Amino acid sequence: PKYYSGDIVACKRMPLDTFFQWNKVYVLDTEQGPLIKRVKRGATDETLSIFSDNPDYEPFELPRTKIYHIALVVGVIRLE
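These remarks concern the structure in this document. Since we're looking at a predicted model, the values are computed, not measured.

## Overview of the overall build of the chain
Helix and strand counts for the chain stand at zero helices and six strands. Written out in order from the N terminus, the α and β elements of the chain read β-β-β-β-β-β. Computed over C-alpha atoms, the radius of gyration of the chain comes to 12 Å, within 12% of the 12 Å expected from 2.2 N^0.38 for 80 residues, which places it in the range of a compact globule. C-alpha atoms of the chain, sized along the principal axes, occupy 40 × 30 × 20 Å. Counted over contacts in the chain with a minimum sequence separation of 6, partners at least 24 positions apart contribute 53%. Carbon together with sulfur atoms contributes 54% to the accessible area of the chain, which is approximately 5700 Å² in total. Taken together, the 11 basic and 11 acidic charged side chains of the chain have centroids lying 6 Å from each other.

Here it is as structure tokens:
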């Protein structure tokens, strides 16, 4: 994984109708909690394809209506 437990992620909050920069990492606030994932074009205009940098997790489609807040990840602070 690119992000580890304990990392501090710097984000820029975006409006819900934001123009997504495909393949960039976002924090998505969803009904199942926050996700830090790469976002790509979905199968339809109403969905997004969500990818993890960790190969243990399969990509999935997420309806845009299930996203409550969006933030673009602009950096990470890691303590070792």
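Now that the structure is up, let's keep going.
## Concerning the pattern of salt bridges
Evaluation of the coordinates by the stated rule reveals three salt bridges. One salt bridge in this structure joins Glu31 and Lys66, with 3.6 Å as the shortest N-O distance. Separated by 35 residues along the polypeptide, Glu31 in the loop between β2 (25–30) and β3 (33–41) and Lys66 in the loop between β5 (60–63) and β6 (67–77) bring together distant segments of the chain. Under the relative-accessibility criterion, Lys66 is labelled partly exposed at 32%.

## Remarks on the side chain of Asn54
Mapped onto the elements, Asn54 comes out in the loop between β4 (47–51) and β5. Only 2.9 Å separates the side chain of Asn54 from the backbone nitrogen of Asp56, close enough to count as a polar contact.

## Some words on the side chain of Thr30
With respect to the helices and strands, Thr30 occurs in strand β2. Within the structure, the side chain of Thr30 is placed 2.7 Å from the backbone oxygen of Gly33, a separation counted as a polar contact. Thr30 has contacts with Leu35, Leu62, Lys66 and Tyr68, leaving out every residue within four places of it along the chain.

## A look at the pairing of β6
Of the pairings in the sheet, the one linking strand β1 (residues 8–14) to β6 comprises seven bridges and is antiparallel in character. If you follow Arg13 over to β6, its bridge partner there is Ala71.

Conventions used here
Residues numbered from 1 in each chain as written. Predicted model: local features only at pLDDT ≥ 70, side-chain atom pairs only at ≥ 80, totals over all residues. Heavy atoms only, no water. Helix = DSSP H or I, 4+ residues; strand = E, 2+ residues; numbered from the N terminus. Rg over C-alpha atoms; globule rule 2.2 N^0.38 Å. Contact = heavy atoms within 4.5 Å. Areas by Shrake-Rupley, 256 points an atom, 1.4 Å probe, with all protein chains shown as cover. Lys, Arg positive; Asp, Glu negative; His and termini not counted. Charge placed at Lys NZ, Arg CZ, Asp CG, Glu CD. Salt bridge = Lys/Arg side-chain N within 4 Å of Asp/Glu carboxyl O. Buried < 20%, exposed > 50% of the residue type's maximum accessible area, 1.4 Å probe, protein only. Polar contact = N/O pair within 3.5 Å; in protein donor to acceptor, adjacent residues only side chain to side chain. Pairing = 2+ DSSP bridges.

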